[in-house]
Amino acid sequence: MSPTAPPAPAPRITYGAVLGSPYVARLLGGTLTGRLPNGMAPVAILLWATTSGSSIAFGGLVSALYGLSSSVVQPVKGRLMDRHGQTAVHLPAAVLNSALLVTLPLTGPYGGPGLATALVVVAGLTTPSLEAGLRAL
């Protein structure tokens, strides 16, 4: 066996170097702004349910269904982004998700808990997967 030279140390990468790279700050800022509704939607759903006369248990249930349906569909959206590109997946998902969440308080008194639950589940299924898109970029 011949002696080999030790491997060269890996270059040190700092946060400043990463954030100073082209487009990184813009991508990070856009994704953080886009993810704010994902964190606020379950709270807003709970507040809507309790102020519209439903119990806090129903509000908690539909908030949990929103989060569960949002997490179940993320692998499928990742595959769709790989095949068709991020814009082709994110844009329709964001528009549909926003439309469904805006429709929720408008149809609450008329449709009852069944329609509200269906709207929340479909809204969760259409949540844009911005985190996966940022990791890919």
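Preceding this section is the structure that the text describes.
For the structure given in this document, a descriptive report is provided here. All residue numbers here refer to positions counted from 1 along the written sequence of the relevant chain. Given that the model is predicted, a residue must reach a pLDDT of at least 70 before its local features are reported, and side-chain atom pairs must reach 80 or more before they are shown or counted; all residues, however, enter totals for whole chains, interfaces and linings. To obtain the side-chain values, all non-hydrogen atoms of the structure were included, while hydrogens and water were left out.

With respect to unusual backbone geometry
No. 1: Not every positive phi belongs to a glycine, and Tyr-23 is a case in point at roughly 70°.
No. 2: Residue classification places Tyr-23 among the exposed positions, given a relative accessible area of 59%. Relative accessibility decides the category of a residue: with a 1.4 Å probe and only protein chains considered, values under 20% of the type maximum give buried, values over 50% give exposed, and everything between is partly exposed.

Remarks on the environment of Ala-118
No. 1: You can see Ala-118 is positioned in helix α5 (residues 86–125).
No. 2: Taking C-alpha positions, Ala-118 is 28 Å from Gly-85, a pair spaced 33 residues apart along the chain. Helix and strand definitions follow DSSP, with helices as H or I runs of at least four residues and strands as E runs of at least two, each counted in order from the N terminus.

Quick notes on the layout of surface pockets
No. 1: Buried and open spaces are told apart on a 1 Å grid over the protein atoms alone, a cavity being a set of points where a 1.4 Å probe fits but cannot get out and a pocket being an open set with protein on both sides within 12 Å along at least five of seven lines. Residues with an atom within 4 Å of a point are the lining residues. Grid points are joined across faces, edges and corners, and a volume is the space filled by probe spheres set on the points. One number sums up the size of the largest pocket: a volume of about 250 Å³.
No. 2: Looking at the largest pocket, it is lined by 17 residues, and the ones nearest its centre are Pro-37, Ala-41, Tyr-66, Asn-97 and Leu-101.
No. 3: Listed by contribution, the elements that provide at least two residues to the lining of the largest pocket are α2 (24–51) and α5.
No. 4: Take the lining of the largest pocket: its biggest share by element is eight residues, from α2.
No. 5: The classification used treats Ala, Val, Leu, Ile, Met, Phe, Trp, Tyr, Cys and Pro as nonpolar, Asp, Glu, Lys and Arg as charged, and all other residues, Gly among them, as polar. Partitioning the lining of the largest pocket into residue classes produces 13 nonpolar, four polar and no charged.
No. 6: A volume near 160 Å³ is recorded for the second largest pocket.
No. 7: Taken together, Leu-27, Gly-30, Thr-31, Gly-34, Gln-86, His-90, Leu-130, Gly-133, Leu-134 and Leu-137 make up the lining of the second largest pocket.
No. 8: Breaking the lining of the second largest pocket down by element, the ones donating at least two residues are α2, α5 and α6 (130–136).
No. 9: Considering each element in turn, the lining of the second largest pocket owes the most residues, four residues, to α2.
No. 10: Of the residues in the lining of the second largest pocket, the class split is four nonpolar, six polar and no charged.

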